[in-house]
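# Analysis of the macromolecular model
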Amino acid sequence: MTITCKLLLENHAQDWQEATVHPFLEQCQLGIIQPQQFNTWLMQDYLFVVEFTRMVGRVLASAPPEHFDVILGGLAALKDELNWFQEKATQRQLNLNIKKQPTCREYCEYMQSLADKPYPVQATAFWAIELAYNQGWQLPGKMPDPYNEFAQRWGNTDFTKYVKLLSQQADEVLETAQEDIQKQAEESFLIVAKFEHNFWQMAFHTAQHESK
Ligand SMILES: Cc1ncc(C[n+]2csc(CCO)c2C)c(N)n1
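Quick caveat: nothing in here was measured; it's all calculated off a predicted structure.

Here we come to the site of the ligand. Lining the immediate surroundings of the ligand are 13 residues, of which Asp45, Glu81, Glu130, Tyr133 and Glu196 lie closest. Taking Asp45, its side chain carries an N or O atom lying 2.6 Å from a nitrogen atom of the ligand. A distance of 2.6 Å separates an oxygen atom of the ligand from a polar side-chain atom of Glu130. Relative to its unbound accessible surface of 440 Å², the ligand loses 99% to contact with the protein. The element best represented in the shell around the ligand is helix H4 (residues 35-62), accounting for four residues. Residue classes in the shell around the ligand are distributed as nine nonpolar, no polar and four charged.

What follows concerns the UniProt feature "active site" (unreviewed entry) in the protein. Listed under "active site" (unreviewed entry) in the UniProt record, and renumbered for this structure, are Glu196. Residue placement: Glu196 occurs in helix H10 (residues 179-204). Given the relative accessible area of 3%, Glu196 is considered buried. Other than its neighbours up to four places away in sequence, Glu196 contacts Ala19, Tyr107, Ile129, Ala132 and Tyr133.

Another aspect to go through is the packing of aromatic side chains. Going through the model one piece at a time under the given rule, you end up with 34 aromatic pairs. Centre to centre, the rings of Trp127 and Phe189 are 5.7 Å apart; their planes meet at 15 degrees, and the pair counts as stacked. Remark: Phe189 occurs in helix H10 and Trp127 occurs in helix H7 (residues 119-136); sequence separation between them is 62 residues. Each member of the pair, Trp127 together with Phe189, is buried. These aromatic residues form a ring-pair network of at least three members: Phe24, Phe38, Trp41, Tyr46, Trp84, Phe85, Tyr133, Trp137, Tyr147, Phe150, Trp154 and Trp200. The positively charged end of Arg153 is found above the aromatic ring belonging to Trp84, 4.1 Å away from the centroid.

Tracing the backbone through its elements, the reader meets Gln169 in helix H9 (residues 157-175). Given a relative accessible area of 8%, Gln169 falls into the buried group. Beyond its immediate stretch of four places on either side in the chain, Gln169 contacts Glu66, His67, Val70, Ile71 and Tyr119.

Let us now look at the pattern of salt bridges. Considering all chains together, one arrives at eight salt bridges under this definition. For Glu51, the salt bridge is made with Arg54, and the minimal N-O distance between the two is 2.7 Å. Here Glu51 pairs with Arg54, and both are found in helix H4, just three residues apart, close to one helical turn. Residue Glu109 is joined to Arg105 by a salt bridge in which the shortest nitrogen-to-oxygen separation is 3.8 Å. In this pair, Glu109 and Arg105 both sit in helix H6 (residues 102-113), four residues apart, roughly one turn of the helix. You can call Glu109 partly exposed: its relative accessible area is 43%. For Arg105, a relative accessible area of 38% gives the class partly exposed.

The next point concerns H6. With twelve residues, H6 should cover 16 Å at 1.5 Å per step; its first-to-last C-alpha distance of 16 Å lies within 8% of that length. Those residues of H6 not exposed but buried are Thr103, Cys104, Tyr107, Cys108, Tyr110 and Met111. The arc enclosing the buried residues of H6, seen along the axis, measures out at 155 degrees, which places them on a common side. Along its buried surface, H6 packs onto H4, H7 and H10.

The rules behind these values
- Residues numbered from 1 in each chain as written.
- Predicted model: local features only at pLDDT ≥ 70, side-chain atom pairs only at ≥ 80, totals over all residues.
- Heavy atoms only, no water.
- Near = heavy atom within 4 Å.
- Polar contact = N/O pair within 3.5 Å; in protein donor to acceptor, adjacent residues only side chain to side chain.
- Areas by Shrake-Rupley, 256 points an atom, 1.4 Å probe, with all protein chains shown as cover.
- Helix = DSSP H or I, 4+ residues; strand = E, 2+ residues; numbered from the N terminus.
- Nonpolar A, V, L, I, M, F, W, Y, C, P; charged D, E, K, R; others polar.
- UniProt positions renumbered as here; feature names shortened; annotations may be inferred.
- Buried < 20%, exposed > 50% of the residue type's maximum accessible area, 1.4 Å probe, protein only.
- Contact = heavy atoms within 4.5 Å.
- Phe/Tyr/Trp six-rings, centres within 6.5 Å; stacked < 30°, edge-to-face > 60°.
- Lys NZ or Arg CZ within 6 Å of the ring centre and 35° of its normal.
- Salt bridge = Lys/Arg side-chain N within 4 Å of Asp/Glu carboxyl O.
- Expected span 1.5 Å × (residues − 1).
- Arc of directions from axis to C-beta.

Pasting the structure below:
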């Protein structure tokens, strides 16, 4: 049987729940997240998005030309995204010239390792990483300021449509992929889910002295 993005979400509902539902996001929604927790997330996520941008560049390099439109759209959005992170950091007087925490570093190393994987595996991981934020920031419901800006950024309908297109592209190539490649795609989905959970944990359990 062919694996699809929908089936991955159905077959691994528990793992996906842990990736997208977390006290960090719930406490943003309640307006009670501590600044050092939020700032740790913001700074580490900037470093993550830098590496993610490189990953998307490599996904483009592996993709068939019919998939370029969507991926190039994603890369254009990342240009804006990186500038926006810098703006947010400046507003909060955060220095982005910092080291990655181990969880962030391991996730980034994993994204680098995807370069050696067949395109259907890369396309599945790419979709899963984007979906994690699309759902995670949307599920808790309307957030108070200043978190609403973050929730809107990744929970809005245009971003949801873009993530849907990513799933269609992944499904399309999974359909003709050999069984062992489908298996690798499934593994990549589970690894992304685990790293997403760990990333929330990292920010949520940050110690005060580690936040700057
Ligand atoms: C840990 C972590 N996982 C996923 C994303 C999702 N994401 C990566 S780049 C980007 C902008 C649009 O492509 C989005 C939403 C993230 N930021 N951080």
